[in-house]
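Here is how the chains run, residue by residue.
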Amino acid sequence: MTLTVSYFAWVRERMGVAEEEIVLPAGAATVGDLVGWLAARDERGARAFAEPGRIRAALGGAMVGAAAPLGDAREIALFPPVTGG
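All of the points below concern the structure found in this document. (Residues numbered from 1 in each chain as written. Predicted model: local features only at pLDDT ≥ 70, side-chain atom pairs only at ≥ 80, totals over all residues. Heavy atoms only, no water.)

1. A look at the overall build of the protein chain
Argument step 1. Check the secondary structure of the protein chain and you find three helices and five strands.
Argument step 2. Ordered by position from N to C terminus, the α and β elements of the protein chain give β-α-β-α-α-β-β-β.
Argument step 3. A compact globule built from 85 residues should have a C-alpha radius of gyration of about 12 Å, and the protein chain, at 12 Å, falls within 12% of that.
Argument step 4. Principal-axis analysis of the C-alpha atoms places the extent of the protein chain at approximately 35 × 30 × 20 Å.
Argument step 5. Counting all 85 residues of the protein chain, 36% fall into the buried class. (Helix = DSSP H or I, 4+ residues; strand = E, 2+ residues; numbered from the N terminus. Rg over C-alpha atoms; globule rule 2.2 N^0.38 Å. Buried < 20%, exposed > 50% of the residue type's maximum accessible area, 1.4 Å probe, protein only.)

In structure tokens:
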């Protein structure tokens, strides 16, 4: 299955791209699995996802945690924590 991954803020800067299409690797069933795979894939992923607990994700516009199943999602957004004021 092809998945569009969008990166924001410093995650985008470290990945070097704003968005990419990937073929979901076998065994990647959750957001956490995907983040782990991205971290292990190459140096830029290792930098971007060195602290996976800090990464936030949105599937279908809804915030989800690392244990959320990817299911039949076609796109995911990954970004650092957001603060406001």
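2. A word on the packing of aromatic side chains
Argument step 1. Per the counting criterion, the structure on display carries two aromatic pairs.
Argument step 2. Seen in terms of ring centroids, Tyr7 and Phe49 are 6.4 Å apart; in terms of plane orientation they differ by 50 degrees. Their pairing is tilted. Of this pair, Tyr7 sits in strand β1 (residues 2-7) while Phe49 sits in the loop between α3 (43-48) and β3 (56-59); the two residues are 42 residues apart in sequence, bridging distant segments of the chain. Like Phe49, Tyr7 is buried.
Argument step 3. Both rings, one in Phe8 and one in Phe79, keep their centres 6.4 Å apart while their planes meet at 75 degrees; by these two values the pair is edge-to-face. Taken as a pair, Phe8 in the loop between β1 and α1 (9-15) and Phe79 in strand β5 (residues 75-79) lie far apart in primary sequence, 71 residues in all.
Argument step 4. Judged by its relative accessible area of 39%, Phe8 falls in the partly exposed class. (Phe/Tyr/Trp six-rings, centres within 6.5 Å; stacked < 30°, edge-to-face > 60°.)

3. Let's talk about the nonpolar core
Argument step 1. Core analysis: the biggest nonpolar cluster contains 22 residues, and Leu3, Tyr7, Val31, Leu34, Phe49, Ile76 and Leu78 have the highest contact counts within it.
Argument step 2. With residues up to four places along the chain from it excluded, the contact list for Phe49 reads Tyr7, Val11, Met15, Val35, Leu38, Ala39, Ile55 and Leu78. (Core = buried A, V, L, I, M, F, W, Y, C linked by side-chain atoms within 4.5 Å. Contact = heavy atoms within 4.5 Å.)

4. Brief notes about the side chain of Thr4
Argument step 1. Along the chain, Thr4 turns up in strand β1.
Argument step 2. Judged by relative accessible area, which is 15%, Thr4 ranks as buried.
Argument step 3. Not counting the four nearest positions on each side in its chain, Thr4 is found in contact with Glu19, Glu20, Glu21, Arg74, Glu75 and Ile76.

5. Considerations on the pairing of β3
Argument step 1. As judged from the four bridges shared by β3 and β5, these two strands associate in the antiparallel manner. Within the sheet, the bridge partner assigned to Ala58 lies in β5 and is Ala77.
Argument step 2. Looking at chain direction, β3 and strand β4 (residues 62-64) are connected through three bridges and run antiparallel. Within the sheet, the bridge partner assigned to Ala57 lies in β4 and is Val64.
Argument step 3. Following β3, the chain reverses through two residues before pairing antiparallel with β4; Gly60 in that reversal takes a positive phi of roughly 60 degrees. (Pairing = 2+ DSSP bridges.)

Read these as layout, nothing more, since geometry by itself doesn't imply function.
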